[in-house]
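# Reading the structure
Residues per chain, in single letters:
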Amino acid sequence: MGASARNVLFIMADQLRWDHLSCAGHPHLRTPNLDALAARGTRFTEAYVQSGICGPSRMSYYTGRYVSSHGATHNRVPLSVGEVTLGWHLREAGRTLALAGKTHMLPDARGMRRLALDGQHDLKALLDEGWFTLVDRHDGHHAEPDSAYADYLRAQGYDSADPWTDYVISVTDDQGEVRSGWKMRNARFPARVREEHSETAYTTDHAIRFMEQQGDRPWVLHLSYVKPHWPYIAPAPYHAMYGPGQCLPVQRAEEERGPDAHPILRAFQDEEVAQSFQKDEAVATIRPAYQGLIAQLDDHLGRVWSAMERLGRWDDTLVIMCSDHGDYLGDHWLGEKELFHDVVQRVPMILYDPAPEARRGAVEDRFVEAVDIVPTILDALGLPAAPHVVEGRSLLPLLRGERTPWRDAVFSELDWTFRGARRRLGLPTGHHHAWMVRTDRWKYVHWTSGIPPMLHDLHADPQEFSDLGRHPAHEDIRAEMRERLLAWFTGLKRRTTLTWDEAEFRTDRHKAAGVFYGEW
């Protein structure tokens with residue numbers, strides 16, 4: 001189909017759970033601006049990421065490819081210099097992909113050395129950033145004293161060699177003492193940075209300024225927020241906007257940590273972050289701050305919507321809102337992310353399509369995945385679909401209510417080589433992976449290293465408390481799900497250096513090339 005949008009605003013929040021939006025049914029947390037976007041477009045209730053970790057999940061969002069295909073399996077694992085990202089697809093069409101915020105991109109230093117790309121080369125700079133053109137990059141995970149955000153903070157009067165650590169993620173307690181936000185017990189206090197200078201405000205300012213500066217030129221912007229990711233420190237007044245009684249109840253069962261619990265689940269429950277979140281006090285302290293960070297994010301998205309209204313951009317801009325994964329927040333006796341429960345793998349996803357035929361205020365329950373974002377953007381802009389490399393599917397038919405044949409399962413992966421759980425289980429460094437296939441009823445996880453599978457009956461046990469992975473009565477289901485996983489795995493796209501048209505042209509052409517083998 002032809003182009004239905006001139007511009008794209010691709011918004012991502014970091015570690016935002018699917019159930020922490022008021023339009024998704026949260027009884028206390030108010031997100032009026034995300035709700036307004038859902039009223040303009042389509043909210044997907046069954047959206048899943050390809051990994052429950054920032055880095056690999058984002059690389060699937062940015063390439064349209066599953067983790068087993070792009071190979072960046074964990075944080076700090078570089079995306080290969082040979083992988084094709086959305087930025088390159090756009091560049092081939094004469095467009096650019098701008099960034100305001102976080103990407104988690106890590107350059108493939110070995111690959112660039114192999115290509116003899118030095119630090120002064122323009123191509124080196126683009127490859128470093130995954131073909132993003134920077135408006136501003138701020139990943140918000142650790143001190144970046146030489147970053148543009150640090151310079152901005154110092155210019156606002158935060159006199160420090162490291163203003164992020166000393167102000168953005170530090171708090172002032174009831175006695176007027178400065179405390180570190182790395183200690184989660186301090187999440188109930190306000191950040192030392194003023195709200196208008198916080199990470200969320202700063203990134204929003206850059207995004208709005210970028211849209212204003214484009215005039216009538218078409219653009220694609222990735223607006224990528226670092227919140228509500230840890231450290232869970234919110235500026236006033238958001239730090240005190242919610243109390244423990246206004247949070248979702250923690251979901252966990254004693255059988256999940258009993259003697260028959262899955263060994264991986266137990267090993268991850270022994271991680272320090274999980275041990276912290278097993279304290280009721282931690283849940284009661286952190287969940288309200290987490291909700292405050294989401295409320296702040298929603299308020300600043302309201303600023304973005306107002307800017308789009310003022311600039312006339314609702315008429316010609318595809319808007320995508322999503323998250324790279326969720327957050328356990330104490331559910332299943334865990335903290336952080338990584339494993340395959342829905343609170344981590346299922347994410348909020350809302351799309352607004354400016355095309356007249358697009359649905360408004362729709363709720364879509366068909367399975368969608370992070371890999372669908374790249375083909376959706378290419379489709380909306382009328383650009384080549386690159387089916388030889390892209391593994392997702394355009395969501396435009398779903399946005400327009402078409403009952404096209406669709407997938408009935410989603411897939412995700414985990415490389416847990418880097419976790420202390422691996423050492424506690426006595427496993428050497430090496431190939432330690434897991435793959436999930438989830439249908440409407442069943443969730444099956446295959447583990448390497450001789451570890452037994454996991455299986456959950458989502459109809460009988462929607463909270464995923466009971467693992468049937470070793471239950472004798474479910475061997476037929478496990479065999480069926482293994483076959484589903486194998487069928488998916490064999491369909492991944494590994495021949496990426498030729499297009500399908502080129503492959504068709506080369507088929508059975510040996511004689512045209514002067515090669516006559518097989519003749520009698």
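Residues numbered from 1 in each chain as written. Predicted model: local features only at pLDDT ≥ 70, side-chain atom pairs only at ≥ 80, totals over all residues. Heavy atoms only, no water.

### Concerning the pairing of strand S1 (residues 7-13)
For S1, the tally of buried residues reaches 7 of 7 residues, placing the bulk of the element in the interior. Both faces of S1 are covered, namely the face carrying Asn7, Leu9, Ile11 and Ala13 and the face carrying Val8, Phe10 and Met12. Judged from the 5 bridges that link them, S1 and strand S7 (residues 220-224) form a sheet pairing that is parallel. Each residue of the ladder has a partner; that of Met12, found in S7, is Ser224. (Buried < 20%, exposed > 50% of the residue type's maximum accessible area, 1.4 Å probe, protein only. Helix = DSSP H or I, 4+ residues; strand = E, 2+ residues; numbered from the N terminus. Pairing = 2+ DSSP bridges.)

### Brief notes about unusual backbone geometry
Cis geometry is adopted by the peptide bond preceding Pro231, which originates at Trp230 and carries an omega value of -5°. When you line up the elements, Pro231 lands in the loop between S7 and helix H10 (263-269). Residue Pro237 is reached from Ala236 by a cis peptide bond, and omega for that bond is 5°. Examined against the element boundaries, Pro237 turns out to sit in the loop between S7 and H10.

### Regarding a positive patch on the surface
On the surface, Lys183, Arg185, Arg188 and Lys279 cluster together into a patch of positive charge. Along the chain, Lys279 falls in the loop between helix H11 (272-277) and helix H12 (280-311). (Patch = residues over 30% accessible without salt bridge, like charges linked within 9 Å, V, L, I, M, F, W, Y side chains within 5 Å. Areas by Shrake-Rupley, 256 points an atom, 1.4 Å probe, with all protein chains shown as cover. Salt bridge = Lys/Arg side-chain N within 4 Å of Asp/Glu carboxyl O. Lys, Arg positive; Asp, Glu negative; His and termini not counted. Charge placed at Lys NZ, Arg CZ, Asp CG, Glu CD.)

### Considering the pairing of strand S15 (residues 454-457)
The alternating pattern of S15 places Met454 and His456 on one face and Leu455 and Asp457 on the opposite face, and all of these are buried. Looking at chain direction, strand S14 (residues 442-447) and S15 are connected through 4 bridges and run antiparallel. Residue pairing across strands places Trp442 opposite Asp457, the latter belonging to S15. Counted between consecutive antiparallel strands, the loop separating S14 from S15 contains 6 residues, among which Ser449 sits at a positive phi close to 70°.

### Examining helix H17 (residues 475-490)
Taking 1.5 Å as the rise per residue, H17 with 16 residues should run 22 Å; its terminal C-alpha atoms sit 22 Å apart, in good agreement. Within H17, burial applies to Ile477, Arg478, Met481, Leu485 and Trp488. Summarising the axial view, the buried residues of H17 lie within an arc of 95°, below the 170-degree limit, and thus occupy one face. Turned more than 90 degrees away from the buried face of H17, the exposed residues are Asp476, Glu483 and Thr490. Against the buried residues of H17 lie strand S12 (410-415), strand S13 (433-438), S14 and S15. (Expected span 1.5 Å × (residues − 1). Arc of directions from axis to C-beta. Contact = heavy atoms within 4.5 Å.)

### Some points on the pattern of salt bridges
For the structure shown, the criterion picks out 39 salt bridges. Measuring nitrogen to oxygen at the nearest pair gives 2.8 Å for the salt bridge that ties Asp139 to Arg137. The class of Asp139 is buried, set by a relative accessible area of 12%. One salt bridge connects Asp353 with Arg400, and the closest N-O pair in it is separated by 2.8 Å. Separated by 47 residues along the polypeptide, Asp353 in the loop between strand S9 (346-352) and strand S10 (362-364) and Arg400 in the loop between helix H15 (396-399) and S12 bring together distant segments of the chain. Residue classification places Asp353 among the buried positions, given a relative accessible area of 2%.

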